[in-house]
Amino acid sequence: MSRTFVRNLYFQTKDLGKEATLLLTFDSDVKGIYEICFPAICWLTTFGQTGSYRMHATYTSQLAFSRPQITDGNIIEAETCMGINDSEKTTLTRKNSVFQFSNPVKGFPGYLEARNDTGSMQDIALGFMSPGNLMPRPMLYFKEVEDASNITIEFTPILRAYITSDYKHTAILQGAIETPVIWEQNLAALSESTTWDLKRDPYTGHYKITQADQGMPNSSTRSRLTVVGGLCLRFLPIFAPSLFGVSTA
């Protein structure tokens, strides 16, 4: 089991020149991803036109599966959850109207697995535990997972940033964000705390994010293709995570 790590990300700006909303999510451009798997918005904040602003986002590598409550396309809360580590598997069951994830057992090496054994279709989310919270912050939402089937995920924490005002903080992305990606980083490769400057070019109107005091440009991360079971979702070369749904019905 890999050691749990924490990443503190600080996004800051001064006299941006135009009010802008920064959105952070773990998404990817994959054929079919918006059919069975939907990214959730993890952080959303608005920076003013003038003045100094700062946003703090904390990520931990302690992941968890949950049974989310969905209202009008937004994740409101989770009813129950279970922490999960690499190469582990948990099973969601239902007894007397009470849902519960089992304690994790050894699963497929290199993957996270969740099985639905409730007798009916269920929504399941993968998230990460936030300090001081009992329930995880959702990252990926799996809609209507069939009974007696598995979700099998190879996850790499690639966080991406956009400038857009079209979403709410708890929204589930039903389709790809139309504005371009302005930043992406593999959180596992960063230091525990990093600071990033958001700037806007007054002539082009384009935004960019660079690491403070270092001028570090955005990085790209390549994923690999692995086939598990019958359904394979392949991520484009620079994106991650890799997700695979496996039916054992």
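Keep in mind that this is a model prediction, so the values were computed, not measured.

Details of the environment of L22
Take L22: it is sitting in strand 2 (residues 20–25). Taking the C-alpha atoms as reference points, L22 and T164, 142 residues apart in sequence, are found 6.6 Å from one another. Look past the residues within four positions of L22 in its chain and what remains in contact with it is F11, W43, L44, T45, F47, M55, A161, Y162, I163, I182 and I209.

Considering the side chain of T60
One can find T60 in strand 5 (residues 52–60). At a separation of 2.5 Å, a polar atom in the side chain of T60 contacts the main-chain carbonyl oxygen of M129. The contacts of T60, once residues within four sequence positions are left out, are F5, V6, F128, M129 and P131.

Examining the sheet that holds strand 15 (residues 158–163)
Across the sheet, which stays open at both edges, the four strands sit in the order 4-2-15-16 with antiparallel pairing between neighbours. Lying at the two open borders of the sheet, with one neighbouring strand each, are strand 4 (41–47) and strand 16 (183–186). Strand-to-strand twist across the sheet, computed as the mean angle between neighbouring axes with direction ignored, equals 15°. Of the pairings in the sheet, the one linking strand 15 to strand 16 comprises four bridges and is antiparallel in character. By the bridge assignment, A161 is partnered in strand 16 with W183.

Brief notes about the packing of aromatic side chains
Counted according to the given criterion, the structure contains 11 aromatic pairs. With a centroid separation of 5.2 Å and 70° between ring planes, the pair formed by F108 and Y111 is classed as edge-to-face. Grouped by ring-pair contacts, the aromatic residues F5, F26, W43, Y59, F128 and F155 constitute a single cluster. Its guanidinium or amino end placed over the ring of F99, R67 lies 3.6 Å from that ring's centre, counting from NZ or CZ.

Some remarks on the pairing of strand 11 (residues 112–116)
Judged by how many residues are buried, strand 11 sits mostly within the fold: five of five residues are covered. The side-chain alternation of strand 11 yields two buried faces, one formed by L112, A114 and N116 and the other by E113 and R115. Summarising the sheet, strand 8 (residues 88–95) and strand 11 pair through five bridges and their orientation is parallel. By the bridge assignment, L92 is partnered in strand 11 with N116. Strand direction decides the pairing type here: strand 11 and strand 14 (residues 149–154), joined by five bridges, are antiparallel. Following the sheet pairing, N116 is matched in strand 14 by S149.

Thresholds, definitions, all that
Residue numbers run consecutively from 1 along every chain, following the written order of its sequence. With the structure being a predicted model, the display of local features is reserved for residues of pLDDT at least 70 and the display and counting of side-chain atom pairs for 80 or more, all residues being used for whole-chain, interface and lining totals. Side-chain figures throughout are based on the complete set of non-hydrogen atoms in the structure, without hydrogens or water. Each helix is a run of DSSP H or I of at least 4 residues and each strand a run of E of at least 2, with the numbering of both proceeding from the N terminus. Residue contacts are defined here by distance: any two heavy atoms, one from each residue, within 4.5 Å place the two residues in contact. Here a polar contact is taken to be a pair of N or O atoms separated by no more than 3.5 Å, where protein atoms must pair a possible hydrogen donor with a possible acceptor and residues adjacent in sequence count only if both atoms sit in side chains. Being paired, for any two strands, means DSSP has found at least two bridges between them. Lines fitted to C-alpha atoms define the axes, with helix axes restricted to the stretch in contact, and inter-axis angles between N-to-C directions lie between 0 and 180 degrees. In summary, the pairing rule links any two rings of Phe, Tyr or Trp, Trp by its six-membered ring, whose centres are within 6.5 Å, and it sorts them by plane angle into stacked for under 30 degrees, edge-to-face for over 60 and tilted for everything else. We call a charge positioned above a ring when the Lys NZ or Arg CZ atom is no farther than 6 Å from the ring centre and deviates by at most 35 degrees from the ring normal. Burial classification: accessible surface area is computed with a 1.4 Å probe over protein chains only, and a residue below 20% of its type maximum counts as buried, one above 50% as exposed, and the rest as partly exposed.

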